[in-house]
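# An overview of the molecular structure
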Amino acid sequence: MWYKGKRLLLTTLAAGLLYTTTAFAANVQMDLFYNGAHHAYNAKEIAIVIDGESYTDPNMPAVSIDGRTMLPMRGICEELGCTVTWNEAARQVYAVSDTHTVVFQIDSKTGYKNGEAFTMDVAPMIINDRTMLPVRALATALDIDVTWDDPNRTVYIGEAPSTGGSTGGSTGSNTGTNTGGSTGSNTGGSTGTNTGTSTATTGKVSSVTVPTSKTATQNFVITTTGTFNRCEEVYVSDNKVVLDFYGATNGLSANITATNSPFVTAIRTAQHTADNGETYTRVVFDLTGKMEYKVTPNAAKNQVTLAFEQVEIKSITSSHSGNTETVTINASGATGATVTTMQDPYRTVIDMPGVKADDIDEIINTDGLEYVSEVRTGWMNGTTFRVVVEANDLTQMTWKEENGKLTVTIQKSTLENLSYDDSTDTLTLKKVKTINTGSIKHNDAYLDGYYELTLPGDYSDVYGYGTLNVNTDQIKSFTISTTGGNTVIRFNQNIISAYTIKDTGSAYEITAKNPQQVYDKVLLLDAGHGGNDPGTSGNGLTEKTMNLTMVLKVKSYVESNSNIKVYLTRDDDSRPANADRAKTANQIADLMVSIHMNAGTASASGTETLYAAHSNDGNGTLTSLQAAQAVQSRLPSALSTTNRGVKSRPDLLILNSTTVPAILIETCFLSNPGDALKISQATYQDAAAKAIGDGIIYAMSNYKLR
């Protein structure tokens, strides 16, 4: 144990975002930001005790992420008498004492203790701008006695009670955990009686019984063969019910999509291991929206009933005040609503599955409303109650649901002299003033999700300012603003789009289109890995960095030597999900090329190109095999590497999830000194980029693409 007063330097993240939480009490409710996204967190408080004294971090509590307890390092280390700093450039956490030098790499499971590598089951994370370490990593790396008391959800650092909990450290302290399932035996120390929770696996989640029909009582029964230790509900988001069955393995092999429910869209299961080594199965119910429900385990601990209450729609009212109008749906509880905004006419559609609405009129009184033209109701498929709020084109509609009230707010827009056709994704600007369309500047920031058109002048007096949500398959919304004397139109995109501008004489039509409607040939280049996934490494090179270097060079070469339109999946150290990379290819591309580096033994070397056959091969258009052959026939000679050939790899997601031709290039082996030396040099990189580019140009020019 590193006690107070010993010299210790722990490098961690300096202060940044403060968290927002209700309290460090029975439950902690807060927004967690990590892995580039916000996550709603609602779980029982995790207490921290250091050397017998309760500790509450003023900036960040301990949290449980996917069953792993993550501890805030700054506050704990300062409590232990440490000084705290941060190395931003390296994104590394260093812990230095008289006897230890420990290096933690953010988002990497590999750490270094006095120069020796060790592996963590969970990587250190940045959560709300705080460095968080898993309990086991803290114990193993720093030789600290860390004990987890599961029944009381308490982490003990240093001295721990003689009963309860499971040790995370390397010394022989009493774990107080029954690992055999029958009696409380001491498994770690020399004294003490076990009063902790059992970690024995005695059950298996064997079935989930669903309702008999969508109109039947909505009760779901989860049954285990044998018993589970306990069932805990974990809050993830309003549209999910998450139940963890501790002491139970997962006996369900497939997700359930035939739910016989108007609001439960799927049931998913997965098996996990908690910090104390206890196995648990997580059962997730995906919902259309927030619902009222009750979770009831039986006394035998082999069955849990999830019962959803039928909510009644009591009334629908409307009001007008100033520049704002509201339509309020009053219900007996949360309705599980799915809310969408549609155009032409502009309307908000609220679908509430499984509710009771016997006394609601088909047409709702809108007397006194200026912006809302109609509110109507009806039933969809006999089980879903629909409310449609229709308003004038240039209004902005938003909604929220809380305390049994779903409120649609309608406000007069500050935009004017324009309209949007959601069937063609066309923004029409009335020609009040002439616009020189040839002088409009285009900024395609597709990797950031938007496309901007900068008009040559200030048109704020004509078109106003503000945002209009359109929510089509292609476009989320558009915003008009004016800065520096120029009016800018920004389209916030759901998918990558290309834009055409047409002067009709009386108006200007700006249409968002699929790139294949604008360009004859569309290529998607993918730099493999990225972000917290570095890929392989060797001889001083990291794969994610080399992949990006090569992709940028290939892009430059192809654009300079062909009429192929090139898009990227990333142009920085980010990590798009592989499924999203494949999805983007299917949406917009004629060919996807993913560039990687290989690894193996030091003697393994060479270049290979991977592909997977598609069901639509043989229709006379370019295939993945043909594209792979075009690249592989050029790249090994350009790099002077061993030609390892073209290989079929239908197991790779990037290749098996695409419907367009897709190949994955393993450029060379970073683990081989000779290969690594070549690819580290600009001359070889340029030669490889030219070879890959020539192969792409050949394939896309000599084979039919569509």
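To keep things clear, this report deals only with the structure shown in the data block.

Rules of the game
- Residues numbered from 1 in each chain as written.
- Predicted model: local features only at pLDDT ≥ 70, side-chain atom pairs only at ≥ 80, totals over all residues.
- Heavy atoms only, no water.
- Pairing = 2+ DSSP bridges.
- Helix = DSSP H or I, 4+ residues; strand = E, 2+ residues; numbered from the N terminus.
- Phe/Tyr/Trp six-rings, centres within 6.5 Å; stacked < 30°, edge-to-face > 60°.
- Buried < 20%, exposed > 50% of the residue type's maximum accessible area, 1.4 Å probe, protein only.
- Lys NZ or Arg CZ within 6 Å of the ring centre and 35° of its normal.
- Contact = heavy atoms within 4.5 Å.
- Axes fitted to C-alpha atoms, helices over the stretch in contact; angles between N-to-C directions.

### Here we look at the pairing of strand 42 (residues 498–503)
Direction of pairing for strand 42 relative to strand 43 (residues 507–513): antiparallel, over a ladder of six bridges. Bridged to Thr500 within strand 43 is Thr511. Between the antiparallel neighbours strand 42 and strand 43 lie three residues, among them Gly505 with a positive phi of about 105°.

### Some remarks on the packing of aromatic side chains
Following the criterion strictly, the structure yields 14 aromatic pairs and no others. Note on Tyr420 and Phe478: the rings are 5.7 Å apart at their centroids and 25° apart in plane angle, and the pair reads as stacked. Taken together, the residues span a long stretch of sequence, with Tyr420 in strand 35 (residues 418–421) and Phe478 in strand 40 (residues 475–483) at a distance of 58 residues. Summarising the burial analysis for this pair, Tyr420 and Phe478 share the class buried. Both rings, one in Phe491 and one in Tyr499, keep their centres 4.9 Å apart while their planes meet at 35°; by these two values the pair is tilted. Note on accessibility: Phe491 and Tyr499 belong to one class, buried. Within the aromatic cluster, the residues linked to one another by ring pairs are Phe220, Phe263, Phe285, Tyr293 and Phe308. In this arrangement the basic side chain of Lys433 is found over the ring face of Tyr459, its NZ or CZ atom lying 5.0 Å from the centre. Across from the ring centre of Tyr698, 5.0 Å away, lies the NZ or CZ of Arg634, which sits over that ring.

### Description of the environment of Thr366
As for its position among the elements, Thr366 is in the loop between strand 30 (347–353) and strand 31 (372–380). A C-alpha to C-alpha distance of 9.6 Å links Thr366 and His320, two positions 46 residues apart in sequence. In contact with Thr366, not counting residues within four places along its chain, are Ser318, Val372, Ser373, Glu374 and Val375.

### Some details on the sheet that holds strand 37 (residues 441–445)
Ordered in space as 37-38-41-40-39, the five strands form an open sheet in which the pairing is antiparallel. What marks the edges here is a single partner per strand, and that holds for strand 37 and strand 39 (466–469). Put simply, the sheet's adjacent strands are angled 15° from each other on average, direction ignored. Relative to strand 38 (residues 450–454), strand 37 runs antiparallel, the two sharing five bridges.

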